[in-house]
Amino acid sequence: LSTAVAQLITTPLDVVRNRVMAGENPSSGSAEEESQAGGRCPPREAPKLSYLDSFKDIAEAEGLSALFSGASPRVGKAILSGAIQFATYEETKQSLNRLFLKANQ
């Protein structure tokens, strides 16, 4: 459960990190605008924004929901992963206990 909560809380940070790494800037023009110009315009160099500036730009331009895009799959994966890990651990522990009990008798 704690992993799922952590995934939910850190989703905005990952969204901003991914956008920064991809070079996307919501306040600059889009690739669609460039393609509508018939490709004649040279690509614009987006100003490099700090992490915090990018965070604010995404929140202002696309809303807070954009910062949480992808949260559901991340939380679902965390819950599923935790359940599999717990079940595997318990089954392995029981199997090893049975193995060692047979060896001691």
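Everything here concerns the structure above.
Cut-offs and rules
Residues numbered from 1 in each chain as written. Predicted model: local features only at pLDDT ≥ 70, side-chain atom pairs only at ≥ 80, totals over all residues. Heavy atoms only, no water. Salt bridge = Lys/Arg side-chain N within 4 Å of Asp/Glu carboxyl O. Helix = DSSP H or I, 4+ residues; strand = E, 2+ residues; numbered from the N terminus. Buried < 20%, exposed > 50% of the residue type's maximum accessible area, 1.4 Å probe, protein only. Patch = residues over 30% accessible without salt bridge, like charges linked within 9 Å, V, L, I, M, F, W, Y side chains within 5 Å. Areas by Shrake-Rupley, 256 points an atom, 1.4 Å probe, with all protein chains shown as cover. Axes fitted to C-alpha atoms, helices over the stretch in contact; angles between N-to-C directions. Parallel < 35°, antiparallel > 145°, perpendicular 65-115°, else oblique. Contact = heavy atoms within 4.5 Å. Nonpolar A, V, L, I, M, F, W, Y, C, P; charged D, E, K, R; others polar. Expected span 1.5 Å × (residues − 1). Arc of directions from axis to C-beta.

Engineer: Please explain the pattern of salt bridges as it appears in this structure.
Structural biologist: Should their charged atoms come close, side chains of opposite charge can pair. In the structure shown here, the tally under the stated rule is 5 salt bridges. Between Arg74 and Asp14 there is a salt bridge; the shortest N-O distance is 2.7 Å. Separated by 60 residues along the polypeptide, Arg74 in helix α5 (residues 71-104) and Asp14 in helix α1 (residues 2-22) bring together distant segments of the chain. Judged by relative accessible area, which is 22%, Arg74 ranks as partly exposed.

Engineer: In this structure, what is going on with a nonpolar patch on the surface? I would like to understand it.
Structural biologist: Taken together, the side chains of Leu1, Val5 and Ile9 present a nonpolar region at the surface, about 360 Å² in accessible area. Examined against the element boundaries, Val5 turns out to sit in helix α1.

Engineer: Can you walk me through the packing of α1 against helix α3 (residues 51-62) in this structure?
Structural biologist: Helix-helix packing is characterised by the crossing angle of the two axes and by the distance between the axes. One way to put it is that α1 packs onto α3 with a least axis distance of 10 Å and a crossing angle of 105 degrees. Comparing the axis directions of α1 and α3 gives the class roughly perpendicular. Contacts from Pro12, Leu13, Asp14, Val16, Arg17, Arg19 and Val20 in α1 reach Tyr51, Ser54, Phe55, Ile58 and Glu62 in α3. In the contact of α1 with α3, the residues fall into 7 nonpolar, 1 polar and 4 charged.

Engineer: Explanation requested: α3 in the structure shown.
Structural biologist: Since there are 3.6 residues in each turn of an α-helix, residues three or four apart along the chain are aligned in direction. With 12 residues, α3 extends 16 Å between its outermost C-alpha atoms, agreeing within 8% with the 16 Å of an ideal straight helix rising 1.5 Å per residue. Restricting attention to buried positions, one finds in α3 the residues Ser54, Asp57 and Ile58. Buried residues of α3, seen end-on, are gathered within an arc of 100 degrees and therefore sit on one face of the element. Of the exposed residues in α3, the ones pointing more than 90 degrees away from its buried face are Leu52 and Glu60. For α3, the elements touching its buried residues are α1 and α4 (64-67). Of the residues flanking the end of α3, it is Gly63, one or two places downstream, whose phi is positive at about 90 degrees.

Scope: geometric values only; no functional claims are made or implied.
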